[in-house]
Amino acid sequence: GAVVSQHPSRVICKSGTSVKIECRSLDFQATTMFWYRQFPKQSLMLMATSNEGSKATYEQGVEKDKFLINHASLTLSTLTVASAHPEDSSFYICSARGFRGHTNEKLFFGSGTQLSVL
Amino acid sequence: DQQVKQNSPSLSVQEGRISILNCDYTNSMFDYFLWYKKYPAEGPTFLISISSIKDKNEDGRFTVFLNKSAKHLSLHIVPSQPGDSAVYFCAASRNQGGKLIFGQGTELSVKP
C-alpha cells in the first residue's frame, strides 16, 4: 500500500522555539495533504488542508501565522509550529491522497509527531 | 462540539469472541462513515466504510452496521484475534471525499 513518512516522531523543545514537521509521500504523488492535531483522549482534529502549489486552507480557530504549512512539491508538505508554547504540545499527524484517489478510503496517514514544549 | 463520539475508550475481548465497537454522531448531514485502525507508532489505516444508503457492509471478519435513525454505527469483529489489538477510530464525512470528523478512538485489546 501507499506509504506516508512523517518526521520527526517525537520533539521536545523549549518555549519560543520553532519546530518543523515533515510529511512525505514515498510512492505516490500527493495532490492533497491534511494536517491534524490530537490532544490526549480527544479526537483527531483537522487543522488545515494543503494542495500542491497553493496556499493551505485552515480550519476555523487555527492560527495560520502560528502553524505554517508549505506544500511545495507533490511529495512533501511541512508544518512549522512558530514560536511554540506549552499549549501547542500535542500529537500532530499528516495524511495524503493522490491523483488516483479522491475518497477517504484512499487517504494515507503518517505515523505522527509527538510535540512536547517545555 | 463533538460531532462524532466513541464513548468507550477501551474494550477487552477474549480471542475468538466478538468485538463490538460503537460510535455515535450528531450531524445528520454526514452520509459516509469509515473505521480506521491504528497500531502504536503507526498512522491510522483504512479498515472499512459504509455509505448512508446502506445499513450494513461486510468485509471478511469485519462488519459495519449503520442505524441512521439512531445516528449510531458499530464495528463488529468476528472472530477477534490478538492481532486486532489496536486503537479503532470512527470517522464521518459529508461525502466520500469530504472533511473527516473523527471520534476519540477505542483501544481494543484481544487476549489470547
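Cut-offs and rules
Here, residues in each chain are numbered from 1, in the same order as that chain's written sequence. Each chain takes a letter, starting from A, and each ligand takes a number, starting from 1, following the order in which they are written. The model is predicted, so local features are restricted to residues of pLDDT at least 70 and side-chain atom pairs to those at 80 or more, both for listing and for counting; the totals for chains, interfaces and linings are taken over all residues. Side-chain measures were taken over the full set of non-hydrogen atoms in the model, leaving aside hydrogen atoms and water. Contacts between residues were defined by any pair of non-hydrogen atoms, one from each residue, lying within 4.5 Å. Summed over both partners, the accessible area lost on bringing two parts together, with a 1.4 Å probe, is the buried area. As used in this structure description, the phrase polar contact means that two N or O atoms lie within 3.5 Å; if the pair is within protein, one of them must be able to donate a hydrogen and the other to accept it, and residues adjacent in sequence are counted only when both atoms belong to side chains. In this text, helices come from DSSP runs of H or I with a minimum length of four residues, and strands from runs of E with a minimum of two, each type numbered from the N-terminal end. Here the term charged refers only to Asp, Glu, Lys and Arg, the term nonpolar to Ala, Val, Leu, Ile, Met, Phe, Trp, Tyr, Cys and Pro, and the term polar to all other amino acids, Gly among them. Paired rings are identified among Phe, Tyr and Trp, the last through its six-membered ring, by centres lying within 6.5 Å, and are further divided according to the angle between planes into stacked (under 30 degrees), edge-to-face (over 60) and tilted (the rest). The buried label goes to any residue with under 20% of its type's maximum accessible area, the exposed label to any with over 50%, and the partly exposed label to all in between, with areas taken from a 1.4 Å probe on protein chains only. Defined by distance alone, a disulfide is two cysteine sulfur atoms within 2.5 Å. Like charges are joined within 9 Å and nonpolar side chains (Val, Leu, Ile, Met, Phe, Trp, Tyr) within 5 Å, but only among residues with over 30% relative accessible area and no salt bridge; these make up the patches. In these tables, accessible area is a Shrake-Rupley quantity obtained with a 1.4 Å probe, and a residue counts as shielded only by the protein chains included in the view. When a carboxyl oxygen of Asp or Glu is within 4 Å of a side-chain nitrogen of Lys or Arg, the pair counts as a salt bridge. Criterion used throughout: strands pair if DSSP finds at least two bridges between them.

A. Representation of the interface of chain A and chain B within the structure. Taken residue by residue, the interface counts 19 residues in chain A and 22 residues in chain B. Together chain A and chain B conceal approximately 1,500 Å² of surface at their shared face, both sides included; 57% is due to carbon and sulfur atoms. At the junction of chain A and chain B, the tally comes to seven residue pairs in polar contact (both at pLDDT 80 or more). Secondary structure elements with two or more residues in the side of chain A that touches chain B: β4 (30-38) and β9 (90-98) of chain A. Tallying contributions element by element places β9(A) first for the side of chain A that touches chain B, with three residues. Looking at the side of chain A that touches chain B residue by residue, the classes come out as seven nonpolar, eight polar and four charged.

B. Expanded view of the packing of aromatic side chains. For the structure on display, the rule yields 11 aromatic pairs over all chains. Centre to centre, the rings of Tyr36(A) and Phe102(B) are 5.6 Å apart; their planes meet at 85°, and the pair counts as edge-to-face. Here Phe102(B) lies in strand β10 (residues 101-102) and Tyr36(A) lies in strand β4, a pairing that spans two chains. Pair check on accessibility: Tyr36(A) and Phe102(B) agree, each one buried. Here the aromatic residues Tyr36(A), Phe109(A), Tyr36(B), Phe46(B), Phe89(B) and Phe102(B) are joined through ring pairs into a cluster of three or more.

C. How the structure looks around the state of the cysteines. Residue and element names in this part refer to chain A. What the rule picks out here adds up to two disulfides over all chains. Here cysteine 23 engages in a disulfide with cysteine 94; their sulfurs sit 2.0 Å apart. Disulfide cysteine 23-cysteine 94: the torsion about the S-S bond is 80°, which places it as right-handed. Of this pair, cysteine 23 sits in strand β3 (residues 19-25) while cysteine 94 sits in strand β9, and the two are 71 residues apart along the sequence. Not engaged in a disulfide, the cysteine cysteine 13 finds its nearest cysteine sulfur in cysteine 94; these two sulfurs lie 18 Å apart. On the basis of relative accessible area, cysteine 13 is assigned to the buried category, the value being 8%.

D. Structural view of unusual backbone geometry. Residue His7(A) is joined to Pro8(A) through a cis peptide bond whose omega torsion reads -5°. Topologically, Pro8(A) is positioned in the loop between β1 (4-7) and β2 (10-13). Omega for the bond connecting Val78(B) with Pro79(B) falls within 30 degrees of zero, at -10°, which places this linkage in the cis form. For Pro79(B), the location among the structural elements is in the loop between β8 (72-77) and β9 (86-93). Non-glycine residue Lys41(A) carries a positive phi angle of around 65°. The exposed category is assigned to Lys41(A), whose relative accessible area is 81%. Of note, Lys71(B) is a non-glycine position whose phi angle comes to about 50°, a positive value. For Lys71(B), the position within the fold is in the loop between β7 (62-67) and β8.

E. Representation of a nonpolar patch on the surface in the model. Residue and element names in this part refer to chain B. There is a patch of nonpolar side chains on the surface, built from Ile18, Ile20 and Val78 and spanning about 230 Å² of accessible area. Relative to the helices and strands, valine 78 resides in the loop between β8 and β9. For valine 78, a relative accessible area of 42% corresponds to the partly exposed category.

F. Region of interest: the pairing of β3(A). All names here are of chain A. Here β3 shows one buried face, formed by Val19, Ile21, Cys23 and Ser25, and one open face, formed by Lys20, Glu22 and Arg24. Here β1 runs beside β3; their pairing, made up of four bridges, is antiparallel. Following the sheet pairing, histidine 7 is matched in β3 by glutamate 22. Pairing between β3 and strand β8 (residues 76-81): six bridges, direction antiparallel. Note that in β8 the partner of glutamate 22 across the bridge is threonine 78.

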